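Each chain is listed here by its residues.
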Amino acid sequence: SDTIDELRRRGVKHRTLIVGDGPARSWLEARLPDAVFAGFMSGTDLGMAVASMDILFFPSTTETFGNVSLEAMACGLPVVAAAATGSQNLVDNGKSGRLIRPGAVHQFAEALRGYIEDTDLRAAHGNAGELRARAFSWDQINQVVADTYIRLIRQKAAARQVV
């Protein structure tokens, strides 16, 4: 909420959509009275919500894989995220989004301002994110797992022949 306050102080026009629910919701509602709170969403509703966004702002440091960032990237959205485990492995800083030190409110606000005010930059980084997300299709991921098993089986078979 501090980053959203900073955007407001800088006079950056924006609209905040918060998807999800949890113990911090009432606190956020009090802090961000102009935000739209969609609550918990899944399936088609979640897809429609993400498709309505221009940018994903994801300052979380606790998501381990980065599904939220990956889903936004697959929808062509640039991602402004905390430089933390999940997003850090997916977002190409300066190409498909921005990775910001957790808690760096002014840097988060500056990254968001850049995407809000520069539609060409937003589109270019959104497109780059969409291309990057394609590497994480189930076919690609399962092929990596299968290739790893094949490599391990061959290594074990080769080790047996040496003995």
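Given the structure is predicted, the values throughout are model-derived calculations rather than measurements. (Residues numbered from 1 in each chain as written. Predicted model: local features only at pLDDT ≥ 70, side-chain atom pairs only at ≥ 80, totals over all residues. Heavy atoms only, no water.)

(A) Region of the structure containing the sheet that holds strand S4 (residues 79-82). A sheet is described by the order of its strands in space; here 3 strands give the open sequence S3-S4-S5, paired in parallel fashion. For this open sheet the edge positions go to strand S3 (56-58) and strand S5 (97-100), each flanked by a neighbour on one side alone. The average undirected angle you get between the axes of adjacent strands in this sheet is 10 degrees. The pairing of S3 with S4 spans 3 bridges and is parallel. Bridge pairing in S4 links Phe57 to Val80. (Pairing = 2+ DSSP bridges. Helix = DSSP H or I, 4+ residues; strand = E, 2+ residues; numbered from the N terminus. Axes fitted to C-alpha atoms, helices over the stretch in contact; angles between N-to-C directions.)

(B) Local environment of the side chain of Glu6. With respect to the helices and strands, the residue Glu6 is situated in helix H1 (residues 2-9). Leave out the neighbours within four places in its chain, and Glu6 touches Val105, His106 and Ala109. (Contact = heavy atoms within 4.5 Å.)

Function-wise, these values are silent; they only describe arrangement.
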